[in-house]
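Results of the structural survey
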Amino acid sequence: MASVVAGARRRALRDGDRQIDTAHLLHSLLESDPEVRAAFGGGEQVARVLGYLVQRSIGYGLRWQGSVEDSGAMPLPARAGVPGWSPAAVAAMEGARERAGRRGAPRAGGLDLLAGLAADRECRAVEVLTRAGVDAPSLAARIGEPSQQV
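In this report, the structure presented in the accompanying data block is examined. (Residues numbered from 1 in each chain as written. Predicted model: local features only at pLDDT ≥ 70, side-chain atom pairs only at ≥ 80, totals over all residues. Heavy atoms only, no water.)

1. Points about the overall build of the chain
When its secondary structure is counted, the chain shows eight helices and zero strands. For the chain, the succession of helices and strands along the chain, N to C, is α-α-α-α-α-α-α-α. Within the chain, the proportion of its 150 residues that are buried is 47%. Expressed as a percentage of contacts within the chain between residues at least 6 apart in sequence, the contacts between residues at least 24 apart total 63%. Summed over its atoms, the accessible surface of the chain is roughly 7300 Å², and 53% of this surface lies on carbon and sulfur atoms. (Helix = DSSP H or I, 4+ residues; strand = E, 2+ residues; numbered from the N terminus. Buried < 20%, exposed > 50% of the residue type's maximum accessible area, 1.4 Å probe, protein only. Contact = heavy atoms within 4.5 Å. Areas by Shrake-Rupley, 256 points an atom, 1.4 Å probe, with all protein chains shown as cover.)

2. Details of helix 8 (residues 136-143)
For the α-helix, the turn length of 3.6 residues means that residues three or four positions removed from each other point alike. Here helix 8 has its buried residues at Ala136, Leu139 and Ile143. Along the long axis of helix 8, the arc covered by the buried residues comes to 60°, so they all point the same way. In the core, the buried residues of helix 8 are packed alongside helix 3 (34-39), helix 5 (87-102), helix 6 (110-118) and helix 7 (124-131). (Arc of directions from axis to C-beta.)

3. Some words on the side chain of Arg11
Take Arg11: it is sitting in helix 1 (residues 2-15). Of the polar contacts made by the side chain of Arg11, one reaches the side chain of His27; its length is 3.2 Å. Setting aside chain neighbours within four positions, we find Arg11 in contact with His24, His27 and Glu31. (Polar contact = N/O pair within 3.5 Å; in protein donor to acceptor, adjacent residues only side chain to side chain.)

Next comes the structure, spelled out in structure tokens:
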């Protein structure tokens, strides 16, 4: 996860974004984790999602610049959040940690974070997935709970 977070941080800085958001996390996950890519069921879907994520820095995501991603996934008091992170990204990371705990792991892995992202239907990562033709609820179902992993 450290490499995923580092990659997301680099993307946010390079894109001129004030915060790491769920799309940054998704992009970094797809680039660094073969299990996450396999969860999509094929290279074609991964290529389409990466295509949308790459477009973010050249125009697609410009409407997001300067705005805070807040899907409402976190309770109001917790939204004060973590400096440099969108509330939705914090919620996805917390969801990943909780999922890892359910499978008895000391740390979250890529599939845990992907499940956390897919669970928030209002986050930017799910918007990217939807635009790329990925059904986020079906993806979340394929990932399943830890005992049902792909």
